[in-house]
Amino acid sequence: MSEENYLDILEQSLKKKLGILNQIREKNEQQRILLLDQELAPEDFEENINTKAALVDQLELLDQGFEEIYARIRKQLDAGKEQYKVQIQRLQELIRQVTAVGNSIQAEEQRNYKLAQEKFESVKKQVREVKASHKAVSQYYRNMTKTQYVDAQFLDNKK
């Protein structure tokens, strides 16, 4: 396989990576909306996280393949920079785009992490309130059953 073919593969890999990164951005936006929803269903949040995890796995595979191919042709590229100048420039531009989207995703992830912390704190607070209410109701019920306790009465069965 020629260096040009390898460069085409690297370019396709970067384009795929950019596509997957954009899908992750969409999932981040969905996650933000889910975290702001007062009626958040845990299953929806879990599905979002699992989908993002699968996308990240795809990114890792693309990165591994990219690194392997680049390592294979690096010396030839360094020696023939002028020959592959246009393709190298396209790769550099794609790398810049990937980096910009990656930085944006990091900022989104930090924002969503803070929202998730707030959401979980809110859920914990609700659980504590429910437990306190349940305890108060139980105590009230015990107290009420004690006040209605009547000592055994002597029944006169004579008629």
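Residues numbered from 1 in each chain as written. Predicted model: local features only at pLDDT ≥ 70, side-chain atom pairs only at ≥ 80, totals over all residues. Heavy atoms only, no water.

Q: Lay out the overall build of the protein chain with the relevant residues and their values.
A: Looking only at helices and strands, the protein chain has three helices and zero strands in total. For the protein chain, the sequential pattern of α-helices and β-strands runs α-α-α. Partitioning the contacts of the protein chain with sequence separation of at least 6, the portion at a separation of at least 24 is 83%. Surface summary for the protein chain: the accessible area is close to 12300 Å², and the carbon and sulfur share equals 52%. (Helix = DSSP H or I, 4+ residues; strand = E, 2+ residues; numbered from the N terminus. Contact = heavy atoms within 4.5 Å. Areas by Shrake-Rupley, 256 points an atom, 1.4 Å probe, with all protein chains shown as cover.)

Q: Tell me about the side chain of Q87, residues and numbers included.
A: If you trace the backbone, Q87 turns up in helix 3 (residues 85-147). The class of Q87 is buried, set by a relative accessible area of 13%. Each residue touching Q87, except ones within four places of it in the same chain, is listed here: E4, L7 and D8. (Buried < 20%, exposed > 50% of the residue type's maximum accessible area, 1.4 Å probe, protein only.)

Q: Please give an account of the nonpolar core that cites residues and values.
A: Core analysis: the largest hydrophobic core is formed by 22 residues, its most contacted members being L7 and L10. Of all the elements, helix 1 (residues 3-36) adds the most residues to this core, at eight residues. Discounting residues that sit within four places of it in the chain, L7 has contacts with I73, L77, Y84, Q87 and L91. (Core = buried A, V, L, I, M, F, W, Y, C linked by side-chain atoms within 4.5 Å.)

Q: If you had to explain the confidence of the model for the protein chain to someone new, which residues and values would you point to?
A: With 90% of its residues at a pLDDT of 70 or more, the protein chain has an overall mean of 87. Within the protein chain, no element has a lower average pLDDT than helix 3, which sits at 86, and none a higher one than helix 1, at 94. (pLDDT = per-residue confidence, 0-100.)

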